[in-house]
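Here is how the chains run, residue by residue.
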Amino acid sequence: MDARPVRQSDPMQVAPVLPPARKGTPVPRTVLLVNPFYPKDVNASFGKHVLTPTLALTSLAGATPPEWRVRYWDENLLQGAPPMEEVPQVVGISVHLTFAQRAYALAAWFKAHGCIVVMGGLHALSCPDEIQAHADSICVGNGVPVWPRMLRDIERGELKPRYSAEYRDYAADPPPDRSILPDYGFLTPASLIATQGCHNRCDFCYLATGDTRIKYQMRTPAQVAEDFRATGAPYGVFVDNNLGSSRRYLRELCQALAPLEKIWSAAVTLDVTDDPSLVREMALAGCTGVFIGFESLTDDNIRAAGKKSPRAEDYARRVEVFHRNGIQVNGSFVLGFDHDRPDVFENLARWIEDTRLECATFHILTPYPNTPLFRRMEAEGRLLHQDWALYDTAHCVFRPKHMSPEELEAGYAWIYRRLFSLSSIWARRPRQASAVLPYLAMALLYKRSNFLWRFLIRHRLTHKVWSPLVHLTRLRHLRYRRRLAREGSLPGHMVSPIRPSV
């Protein structure tokens, strides 16, 4: 008899077990909004999954009529299966392709309790018919303006199987309702958005799905600043695809944010460095980190993907523009483009270390359903399968041109190990001596402490442990801002415990 203890499943990898469903009596005018579980990439940081809550669900909560009561459940906070002591009349589930199967399992479970299940999200844009088979109703497109109408139709017993909404009149959307969020769950509740759309249409991006056209729109800077202020949080994360699509707008937004004396990070494209004064304005407004989609160091890859970007030979100079203004850079890179060969991993790692990027994020090229990349690879017979759970940018789901799928996955795992090894972390240390110690602490916490993140998330300590560090960072950045305002761009790096990621 084998007396060895049975190893428990990793809660970051395996979804919580759903207990047997029991038919209940739904409480009228109650809504439960659910963010389904998805397995976490063991190569990356677990901490990024609790950086901010999903803006999609808090936005739906903000659009919910006042006579309806809303609750929120995020399975990724490791608190088990959704609570059913009170059976909700309506369950809203946000669906992404990588956790579609979990969303469908939840939908069946809630239906068995007697709930009405409504689904939406990115996967509804690319595979609406697939989702339709699992829900009482779906929304394709921007669900916020449609959501009140769906609830009114439910009250009248006239719910339609499908609703569609274009991405327009964005400034008219109500602000998110963050009161539904658990106060323990996230590093900051302030997930923010100022703009919709992007001036790029990269063939691998979900924004290029099918006939989707998301017009570039902006909320007024005053709206955004008020939303940030109302969160009460010292740190916010902009989830815009590209906050810097309009430089004039970004400058006006920075001027509106500066009086708040808060800190924030955002995704921008590298061309914002065309105007170094704008980067300085970002720093003066509280920007501590940017997420930059470099994608590749090979210009042919960038051109083939349809992205407008500076030449790769100019990347390092532009990174230094951020560094001179105390803004950290998280570089995002895609591996497996048609011009990538087996030496791409070593070359990229060396460049990141030489450029001293504080952080890097890697993705295996993934042809999302109904994007130009997906259709091209399907026509070329290069897709290996359509198991959406593996379309997570951590697995190779196609045949690369110059290496095997196994080589690509092995290279992906290797470059994460390399960049978050002690030697690489040391190689990327700031030039400013006083910034080295806090940088090392945060670099180690980000990726090399996944065991700690698992503990913090499960025991509801994420916000409690990180809040003092965030407040300290804000105070340090306010001092830095005052120096920057007096002296112009300063040498060295402003190190923050907030990783520059979104």
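Residues numbered from 1 in each chain as written. Predicted model: local features only at pLDDT ≥ 70, side-chain atom pairs only at ≥ 80, totals over all residues. Heavy atoms only, no water.

Draft legend 1. Main features of the side chain of Asn301. You can see Asn301 is positioned in helix H9 (residues 299-305). Judged by relative accessible area, Asn301 falls into the buried class, the value being 1%. A polar side-chain atom of Asn301 sits 3.0 Å from a polar atom in the side chain of Ser296. Leaving out residues up to four positions away in the same chain, Asn301 has contacts with Ser296, Phe337, Asp338, His339 and Asp340. (Helix = DSSP H or I, 4+ residues; strand = E, 2+ residues; numbered from the N terminus. Buried < 20%, exposed > 50% of the residue type's maximum accessible area, 1.4 Å probe, protein only. Polar contact = N/O pair within 3.5 Å; in protein donor to acceptor, adjacent residues only side chain to side chain. Contact = heavy atoms within 4.5 Å.)

Draft legend 2. Representation of the environment of Cys359. As for its position among the elements, Cys359 is in strand E14 (residues 359-364). Given the relative accessible area of 0%, Cys359 is considered buried. Once the C-alpha coordinates of Cys359 and Ala413 are considered, the two residues, 54 residues apart in sequence, prove to be 16 Å apart.

Draft legend 3. A look at the nonpolar core. In terms of nonpolar packing, the biggest core is built from 77 residues, with Phe238, Trp264, Phe294, Phe322 and Phe362 touching the most fellow members. If one sorts the elements of this core by residue count, helix H11 (residues 344-355) sits on top with 6 residues. Discounting chain neighbours no more than four positions away, the residues touching Phe322 are Val268, Leu270, Val272, Thr273, Val279, Val290, Ile292, Ile327 and Val329. Counting 41 residues, the second-largest nonpolar core is a separate cluster that includes Val31, Val90, Tyr163 and Val470. (Core = buried A, V, L, I, M, F, W, Y, C linked by side-chain atoms within 4.5 Å.)

Draft legend 4. Molecular detail of the pattern of salt bridges. According to the stated counting rule, one finds 30 salt bridges in the structure shown. Residues Lys160 and Asp153 are paired through a salt bridge, measuring 3.4 Å at the closest nitrogen-oxygen approach. Ionic pairing is found between Arg247 and Asp274, a salt bridge with its closest N-O pair at 2.8 Å. Of the two residues, Arg247 sits in helix H7 (residues 247-257) while Asp274 sits in the loop between strand E11 (263-268) and helix H8 (276-284), which places them 27 residues apart along the sequence. For Asp274, a relative accessible area of 43% corresponds to the partly exposed category. A network of salt bridges, in which partner residues are shared, links Arg247, Asp274, Asp314, Arg317 and Arg318. (Salt bridge = Lys/Arg side-chain N within 4 Å of Asp/Glu carboxyl O.)

Draft legend 5. Main features of a positive patch on the surface. The grouping of Arg479, Arg482, Arg483 and Arg486 at the surface amounts to a positive patch. Within the fold, Arg486 resides in helix H17 (residues 462-487). (Patch = residues over 30% accessible without salt bridge, like charges linked within 9 Å, V, L, I, M, F, W, Y side chains within 5 Å. Areas by Shrake-Rupley, 256 points an atom, 1.4 Å probe, with all protein chains shown as cover. Lys, Arg positive; Asp, Glu negative; His and termini not counted. Charge placed at Lys NZ, Arg CZ, Asp CG, Glu CD.)

Draft legend 6. Helix H15 (residues 436-447), seen in detail. Here H15 is 12 residues long and its end C-alpha atoms lie 17 Å apart, about the 16 Å a rise of 1.5 Å per residue gives. All of the buried residues along H15 are Val436, Tyr439, Met442, Ala443, Tyr446 and Lys447. Seen along its axis, H15 keeps its buried residues to an arc of 135 degrees; they face one direction. For H15, the secondary structure elements touched by its buried residues are E14, helix H14 (422-427), helix H16 (450-458) and H17. (Expected span 1.5 Å × (residues − 1). Arc of directions from axis to C-beta.)

Draft legend 7. Layout of the packing of aromatic side chains. In total, this model carries 15 aromatic pairs according to the counting rule given. A ring pair is formed by Tyr38 and Phe99, whose centres lie 5.8 Å apart and whose planes are at 25 degrees; its orientation type is stacked. Separated by 61 residues along the polypeptide, Tyr38 in the loop between strand E1 (27-35) and helix H1 (55-63) and Phe99 in the loop between strand E3 (88-94) and helix H2 (100-113) bring together distant segments of the chain. Here Phe99 falls in the buried class, since its relative accessible area comes to 8%. (Phe/Tyr/Trp six-rings, centres within 6.5 Å; stacked < 30°, edge-to-face > 60°.)

Draft legend 8. How the structure looks around the sheet that holds strand E2 (residues 69-74). On the basis of which strands lie adjacent, the open sheet formed by 6 strands has the order E2-E1-E3-E4-E5-E6 and parallel pairing. Since the sheet does not close on itself, it has two edges, and those belong to E2 and strand E6 (162-165), each with one partner. Strand-to-strand twist in this sheet, taken as the mean axis angle between neighbours without regard to direction, amounts to 20 degrees. Relative to E6, strand E5 (residues 137-141) runs parallel, the two being bridged by 4 bridges. When the bridges of E6 are listed, Ile138 appears paired with Arg162. Most of the contacts of H1 go to E1, to which it runs at about 160 degrees, and overall it touches E1, E2 and E3. (Pairing = 2+ DSSP bridges. Axes fitted to C-alpha atoms, helices over the stretch in contact; angles between N-to-C directions.)

Draft legend 9. Representation of H17 in the model. Helix length check: H17 (26 residues) gives 37 Å between terminal C-alpha atoms against 38 Å at 1.5 Å per residue, within 8%. Considering bend angle alone, the principal kink of H17 is centred on Pro468 and spans about 25 degrees. Buried residues of H17: Thr462, Trp466, Ser467, Val470, Thr473, His477, Leu478, Tyr480, Arg481 and Leu484, and no others. (Bend = angle between axes of the 7 residues up to and from the residue.)

Draft legend 10. A look at the pairing of E2. One ladder, built from 6 bridges, connects E1 with E2; its direction is parallel. Paired with Thr30 across the bridge in E2 is Arg69. Between E1 and its parallel partner E2, the chain crosses via H1, and the hand of that crossover is right-handed. (Right-handed = clockwise from strand over helix to strand, strands pointing away.)

Draft legend 11. The confidence of the model for the chain, seen in detail. In this model, the chain carries an average pLDDT of 90, and 92% of its residues clear a pLDDT of 70 or more. Across the chain, E1 holds the top mean pLDDT of 98, while H15 sits lowest at 80. Between residues 1-7, whose pLDDT stays under 50, and residues either more than four places distant or in other chains, the model counts 0 contacts. (pLDDT = per-residue confidence, 0-100.)

Draft legend 12. Representation of the pairing of strand E12 (residues 287-295). The buried count for E12 comes to 9 of 9 residues, which makes it a mostly enclosed element. Judged from the 5 bridges that link them, E11 and E12 form a sheet pairing that is parallel. In the strand pairing of E12, Val268 is matched with Ile292. Handedness of the crossover is the feature at issue here: the chain leaves E11, passes through H8, returns alongside E12, and the resulting connection is right-handed. Taken together, the 6 bridges between E12 and strand E13 (residues 328-335) define a ladder with parallel strand orientation. What sits directly across from Glu295, in E13, is Phe333.

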